[in-house]
Amino acid sequence: MSDRARHKRPALEKPEQPEQPEQSERPRPDSSDVAQGGYRVGRRGLLRLLGLGALSAAPLPVLPEVLRAALDIGDPPRPLKKAARAANGRIRQWTMIIDLRSCDGCQSVGKPPQCTLACIEGHFAPEPMEWIEVFEGELPGGGTQFIPTPCQHCQNPPCVNVCPVAATFSTPEGTVLIDQDRCIGCRICMAACPYDRRFFNWGDAPVPPESLLVDYSAEHQVPVRKGTVMKCDFCPDMARTGTLPYCVQGCPQRAIYYGDLEEDIATNGRVVVSASRFLAENDAYRLKEDLGTGPRVYYIPGHGEAVGRDVFTPERQPTEWPWMERVEGAVTWQR
Amino acid sequence: MAALSEWQRRLEETALAPVRRTGLRYWALVAFLLAVIGWGAYAYFIQLRDGLVVTGMRDRISWGLYIATFVFFIGISHAGTLISAILRVSGARWRTPVTRMAEFITVVALVCGASFVIIDMGRPDRLLFVFVYGRWQSPIIWDVLAITTYLTASITYLFVPMIPDLAMFRDRLAGRTSRWRGWLYRVVAIGWQGKPSQRRLLASAIGVLMILIIPIAVSVHTVVSWVFAMTLRVPWNSALFGAFFVAGAIFSGIAILIIVMAILRRVYHLGEYVTEKHFVYLGYLMAAFAAIMIYANISELLTHGYKLEEGVEFHFRQLFLAEFAPLFWFYLLGGLVAPIVIALLPATRNVRGMVVAAILVTFAMWIERFVIVVTGLRVPLMPYEPADYFPTWIEWSLLAAGLALFALLITIFSKVFPIIAVWEVAEEHESMPVVPETVEPAAPEILEPSGGTS
Amino acid sequence: MNLTTRRATRAAIGFLGAWAMAAALAVSAFASHVTPTTTVPDTVTAGEEMSIPVILRAADGAAVAGTTVTFYLHASFAGVTGEAEIGRAVTDDTGLAALTYKPRLAGHHEIRMEYLAPGDDEIQVATTAFEATGDVQLYRTEPSVSVPGLDVGLLMAVVSTVWMILFGVALLLVAIARAGKPGDALSLESRG
C-alpha cells in the first residue's frame, strides 16, 4: 500500500492518554475498504442517497417560481396594455428610419437639436439623459454628419440577454422596454449596450408635479426611480393610439420617419412611404451591423444636404433641459 | 515514540494557544478593524441615502471600484482551492500546515466579495428579486449560482477536515474554557471519537470534496469573467477571459495566502511548522502562475494589437501610453515579472523576499482588476469624448472596510478555530522518517526551535 | 355685302373659330390620349405576391410601349394620409405594365397609377382598387440559432449534480455523528 493511500486515512491518535503508547492499537482498515473509498454504502443506501439528493436539487430549475409562490408574490403584471395592432389585427412592428440627408443637427434652426429637446420635454428626462442623442460623426474626406441616435430596439438585444431579473424585455412589437419597478440597478445592461443608449438614475432626479399624477407604466417611464436604468422607448403608448413619437414630431426638417414593418409603411409627419422601398432605394444601413444586434433603426446616408447644409460646417448647439428650470433644487450629474 | 508524542504535544499546544490566551494586541486590532468597518458603514449609509451619485461612476463608466474589488475578492478565494484541493489531490505533503489558513481565506474572501456586489447595486432593497425573478440566461445569475455553490462547498471543505481538530479542542479544553466555547466545540465536533468507521467516512468525505471543489472553483471565476466577456465592449470581447481570470485568481490567491501565512506565523509562533520551505514553495507556485499570466497577457494583447481593429487602437493607447500606463506597467513589471525574479534569485528566495513579492502581486492584481473594468468601459462606443473615472472617498472607504472585514474575520477565526491542521501535520510528520522524501532533505536545518521567532 | 351680313359672317367665323379651337383642343386632348385598362384579381391574400397590371393603348388601339408607370398606394398612418410609392413598371410591347406587389394589410387598397405617355406633357392618372384578406403575421424578426439540448436544462443538470454530491457529503457527516454515539459502534460497520 503506497504512502499516498495511507495518507488519505485520518490517522489521528486518541486524545492524550499517556498510558497507551502503542500505535499498533490504531486499527488499520483492510484493503477492501481502500478499494471502495472506505465506506460501504450498499445498494439500498446508494439509492436512498441518490433519491434524496435528486429531491433536494429537483426544484432548482423552477426555484424562482417556487419562491414567488411561497412568498405570495404574484408575477407583477407588466404595466402594458394590449399590443399595438394594425387595422386587420396583426401586431405592429415598430421601426424608425432616420434620413440623414435632411438632418443638419438643427444648425439652420439655430437651436439645440429639436428631436432631443422634444423627447426631454415629453418624458421629463432628467439631466443629463439624452434618450435620443445627436452625435457628430466624421466622414471620410473630413466633413461631419449628424447622427440622431435613439435606442436601436435591437432584435437580438444584448441588454435583454444579460438582465438578471428580466427588468428589460422585448415586446411583441419589437421594442425594448424597461420596467423600473423591477430593475435592481446592477447596470450590466449598460455595459452590454454597444450604442451607449442606456442611462442610470444615479441620484434623486427631480420630478415635475405633472408626473406625480401619472400612473407608472414601463411605457412612459414617469416618474423616475432612483437607482434604475432608463432609455428611449419608442413612445409605445403614443404609437399605439396613432400619435407619432416626440422626436418625430419635433424634427423641423422631418428627417425622422416612424413606421411599421408589418404593414411596410412609414411616415415623418408629412409624407407616407412604403418602408421597404424607402430603405432599399436609398441604400439604408444600420449602426454597427456587424455586431449582430439586429437594430430596428435604419439610417439613410447623408449629411443634411437636402436642407442646405454644407458638409464642412461642424458643431451643433448643446442640449438643454428646459423643464428642469421649473423644478426647484434640481439634482443632476455629468454623463 | 516519546519524542513523537512530545512533538505532537507541542503541536497541539501551539494550536490551542490562540484559543487559550488572548492578549491586548488582539483586542486593539479588533477595535481598529471595527472602527474601519464602522467608517465604511457610515459611507454606505450616505450612499444609500443619496444614491450612487456619491461615487465616481457615471453613465459612460458605469462600473468601477466596487466591481473591481468584487472580482478581486472572488479571485483571492481561489487560494483554498489550489492549496487544499489541488495539492491534496496530487499528494504534495508540504501543504499540510497551510491548508487550514487557505480554507479560511476562501470562505472569508467569498463573503467579502459577495458584499461588494450588493454595495454596487442601485436598488439593494430589491436583492431578493435576483432569486424570485432570476433569469437563468443572465451572467449575473450564473454568478449567484456559482458563488453560492462555491461558498457552500468551501464551508463544507473547511469544516470537514477540521472535525478531528475540533474534537481535540473539545477534549483538551473541556472544563477549562468558557461554557459557550465548550458547547461550540462539542457541537461542531459532531461526536468525533476517532473510531475507524468515522475515519473511513471522513476519508470519503474529504476525497469527494477535494475533487468536487476544483471544478466548482474553476467555474466560479470563469462565470465572473463572463459578466464582462458576454458584452460587446472591445477590450472584454475575448474568448480568453475565462481561463485568464482563473489563472489570475489562483495567482492572487497564492499571494494573499503568503501574506496571511506570514502574519499568522509570526503572531502565533508557528515557525516550527510553517517553515521557510513553505514560503519558498508557494513562491515557486506564484512565479509559475506569474509566467502563466504573462503568457495569457501576451496571447490577448498580441492578437488584438497586431490587427488594431476599431476601438483596439484607443484601448492600447490608454493602456500602454496614456492615462492608465502607470498602473498597467506597474502590474506588468511589479506584479508579473518581479515575482519570477524574486523566486529565481537565491538572495531573495526566503520568507522576506516571498512576502515582498506577495505584496507586490496583491497590489498589482487589484490594479489589474480595476484597469480591466474601467478601461473596458472607457473605449467610446459612439463619436463622443471618452469619460474619466476617479473613485470618491465613499468608494475608498468601502474598499478599506472590505479589507478590514477580511482581516477581522480571519482574526476571529484564528481565535476560535484551530489555525493549523493538527492531525494532518502530525500524520505527515510521523511518516517523514519512515519514507525518504523526494523533496527538501534539508528540512531539519530549516526547522526553527519551537516557539521561536521567524 | 351689307353691314349685317359682314357682322354675321364675323360672328359666324368667330363662333366657328372658337368651336374649331375647342374641337382642336379637345381632339388634341383625346388624340394623344392613352386609355389605361386595369384588371385586378378578385381575391387577394395579404402577404402573397400579386400582380397589378395596367395596359396602355393609344386611341387607335396601338399599344403604348416603353412608358414608365409609377404605382402608389393610398395609405394612412399615424394620422398622416398620403400616397406611398410602391413600385414602377415599364410597359412592354403589348402596352402592359404589371407591378408585382405583396400587399401587407388586409382591407381595402386603393392604387393610383401615374404615367407620362409619349407626346404628353401632363401626367395621367389611373386608379384601381382591390380587397385583401388574411391575418398571418408577415414580418419575421431576424433568425436566431437554436441548438436542441444546449439550453437551460443542461445548466440545471450540471448544477443539480453538484448539489447532489454536496448533499451526499452532508449525509456522510450525519453518519460520522451517528457513528460517534456510544453503542452505535456496531451498526454502521456491520451493515457493509
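Rules used in this analysis
Residues numbered from 1 in each chain as written. Chains lettered and ligands numbered in written order. Predicted model: local features only at pLDDT ≥ 70, side-chain atom pairs only at ≥ 80, totals over all residues. Heavy atoms only, no water. Helix = DSSP H or I, 4+ residues; strand = E, 2+ residues; numbered from the N terminus. Buried < 20%, exposed > 50% of the residue type's maximum accessible area, 1.4 Å probe, protein only. Contact = heavy atoms within 4.5 Å. Areas by Shrake-Rupley, 256 points an atom, 1.4 Å probe, with all protein chains shown as cover. Core = buried A, V, L, I, M, F, W, Y, C linked by side-chain atoms within 4.5 Å. Phe/Tyr/Trp six-rings, centres within 6.5 Å; stacked < 30°, edge-to-face > 60°. Lys NZ or Arg CZ within 6 Å of the ring centre and 35° of its normal. Domains from an automatic or database assignment. Salt bridge = Lys/Arg side-chain N within 4 Å of Asp/Glu carboxyl O. Patch = residues over 30% accessible without salt bridge, like charges linked within 9 Å, V, L, I, M, F, W, Y side chains within 5 Å. Pairing = 2+ DSSP bridges. Axes fitted to C-alpha atoms, helices over the stretch in contact; angles between N-to-C directions. Buried area = accessible area lost by both parts, 1.4 Å probe. Polar contact = N/O pair within 3.5 Å; in protein donor to acceptor, adjacent residues only side chain to side chain. Nonpolar A, V, L, I, M, F, W, Y, C, P; charged D, E, K, R; others polar. 1 Å grid on protein atoms, 1.4 Å probe; cavity = no way out; pocket = protein on both sides within 12 Å on 5 of 7 lines; lining within 4 Å. Points joined across faces, edges and corners; volume = space filled by probe spheres on them.

Moving on, we come to the overall build of chain C. The helix and strand inventory of chain C stands at three helices and eight strands. Counting from the amino terminus, helix and strand elements in chain C follow one another as α-β-β-β-β-β-β-β-β-α-α. Here chain C holds 192 residues, and the buried ones make up 30% of them. Sequence-distant contacts, at least 24 apart, represent 54% of the contacts inside chain C between residues at least 6 apart. With an accessible surface of roughly 11,500 Å², chain C has 61% of that area assigned to carbon and sulfur atoms.

Ranked by internal contacts, the top residues of the largest apolar core, which has 244 residues, are Trp63 and Phe406 of chain B. With 17 residues, helix 11 (residues 241-267) of chain B is the single largest residue contributor to this core. Sequence-distant contacts of Phe406 of chain B, defined by excluding residues within four places in its chain, comprise Phe73, Ile76, Ile105, Val108, Ala109, Cys112 and Ile256 of chain B. Counting residues in each nonpolar core, the second largest holds 22 residues, with Met50, Val69, Ile86 and Tyr101 of chain C among its members.

Moving on, we come to the packing of aromatic side chains. Summed over all chains, the structure comprises 37 aromatic pairs over all chains. One aromatic cluster is present, formed by Trp63, Phe228, Trp236, Phe241, Phe244 and Phe245 of chain B through successive ring pairs. Looking at Arg225 of chain A, its charged tip hangs above the ring of Tyr216 of chain A, at a distance of 4.2 Å from the centre. Over the ring of Phe245 of chain B we find Arg369 of chain B; its NZ or CZ atom is 5.3 Å from the centre of that ring.

Residues and elements named next belong to chain A. The residue after Glu127, namely Pro128, is reached through a cis peptide bond having omega 5°. Look at the link from Val222 to Pro223: it is a cis peptide, with omega at -5°. Considering the arrangement of structural elements, one finds Pro223 in the loop between helix 8 (209-212) and strand 7 (229-230). Within the chain, Ala166 stands out as a residue other than glycine whose phi angle is a positive 55°. Following the sequence through the fold, Ala166 ends up in the loop between helix 6 (158-162) and strand 4 (168-170). Not every positive phi belongs to a glycine, and Glu315 is a case in point at roughly 75°. Relative to the elements of secondary structure, Glu315 occurs in the segment after strand 11 (297-300).

Once that is clear, we can look at the domain arrangement of chain C. Reports often express the size of an interface as the amount of accessible area lost when the parts come together. With domains assigned, chain C is organised as domain 1 (1-31), domain 2 (32-133) and domain 3 (142-182). A separation of 67 Å is found between the C-alpha centroids of domain 2 of chain C and domain 3 of chain C.

Turning next to the pattern of salt bridges. All names here are of chain B. By the definition in use, this model includes 37 salt bridges over all chains. Note that Asp50 and Arg49 form a salt bridge whose closest N and O atoms lie 3.1 Å from each other. For Asp50, a relative accessible area of 30% gives the class partly exposed. Taking the shortest distance from any N to any O, the salt bridge between Glu424 and Arg88 comes out at 2.9 Å. Here Glu424 is found in helix 17 (residues 422-431), whereas its partner Arg88 is found in helix 4 (residues 78-89), with 336 residues between them in sequence. We note that Glu424, like Arg88, is buried.

Below, the discussion takes up a nonpolar patch on the surface. A contiguous nonpolar patch, built from Trp329, Leu333, Val337, Val341 and Leu345 of chain B and spanning about 430 Å² of accessible area, is present on the exposed surface. One can find Val337 of chain B in helix 14 (residues 325-344).

Residue and element names in this part refer to chain C. The three strands lie next to each other as 1-3-6, forming an open sheet whose pairing is antiparallel. What marks the edges here is a single partner per strand, and that holds for strand 1 (34-38) and strand 6 (96-101). Taking the axes of each pair of neighbouring strands and ignoring which way they run, one obtains an average angle of 20° across the sheet. Pairing between strand 1 and strand 3 (residues 50-58): five bridges, direction antiparallel. The residue bridging Pro36 from the neighbouring strand is Leu56, located in strand 3.

It is worth spelling out the interface of chain A and chain B at this point. Listed as interface residues are 73 residues of chain A and, on the opposing side, 65 residues of chain B. Across the chain A to chain B interface the summed buried area is about 6,100 Å²; carbon plus sulfur atoms make up 59%. Taken together, chain A and chain B are joined by four salt bridges. Across the pair Asp120 of chain B and Arg187 of chain A runs a salt bridge, and its minimum N-O distance is 2.7 Å. Inspection of the chain A/chain B interface yields 27 residue pairs in polar contact (both at pLDDT 80 or more). Where the side of chain A that touches chain B is concerned, the elements lending two or more residues are helix 1 (3-8), helix 4 (63-70), strand 2 (133-138), helix 6, helix 7 (188-192) and strand 6 (199-200) of chain A. In terms of residue class, the side of chain A that touches chain B is built from 37 nonpolar, 15 polar and 21 charged.

Turning our attention to the interface of chain B and chain C. Each partner contributes residues to the interface: chain B has 28 residues there, and chain C has 19 residues. Summed over both partners, the interface of chain B with chain C buries about 1,900 Å², with 82% contributed by carbon and sulfur atoms. The interface formed by chain B and chain C includes zero salt bridges. Joining chain B to chain C, the criterion identifies three residue pairs in polar contact (both at pLDDT 80 or more). Breaking the side of chain B that touches chain C down by element, the ones donating at least two residues are helix 7 (139-159) and helix 10 (196-229) of chain B. Take the side of chain B that touches chain C: its biggest share by element is eleven residues, from helix 10 of chain B. Grouping the amino acids of the side of chain B that touches chain C by side-chain chemistry returns 16 nonpolar, ten polar and two charged.

Right, let's get into empty space enclosed by the protein. Residues and elements named next belong to chain B. Scanning the entire structure with this criterion turns up nine cavities of 30 Å³ or more. Taken as a whole, the largest cavity spans an internal volume of roughly 260 Å³. Taken together, 20 residues line the largest cavity, and the ones lying closest to its centre are Pro235, Glu300, Leu301, His315 and Ile372. If you list the elements that add at least two residues to the lining of the largest cavity, you get helix 11, helix 12 (276-307), helix 13 (312-321), helix 14 and helix 15 (351-378). Take the lining of the largest cavity: its biggest share by element is five residues, from helix 15.

All names here are of chain A. Side-chain alternation along strand 11 places Val297 and Tyr299 on one buried face and Tyr298 and Ile300 on a second face that is also buried. Where strand 1 (residues 94-99) and strand 11 come together, four bridges link them in parallel fashion. Bridged to Met96 within strand 11 is Val297.

A word on the layout of surface pockets. All names here are of chain B. Quantified by volume, the second largest pocket comes out at close to 1,100 Å³. The wall of the second largest pocket is formed by 35 residues, among which Leu29, Val260, Ile263, Ala407 and Thr411 lie closest to the centre. Those elements giving two or more residues to the lining of the second largest pocket turn out to be helix 1 (2-20), helix 2 (24-50), helix 3 (65-76), helix 11, helix 15 and helix 16 (393-416). Ranked by residues supplied to the lining of the second largest pocket, first place goes to helix 16 with nine residues.

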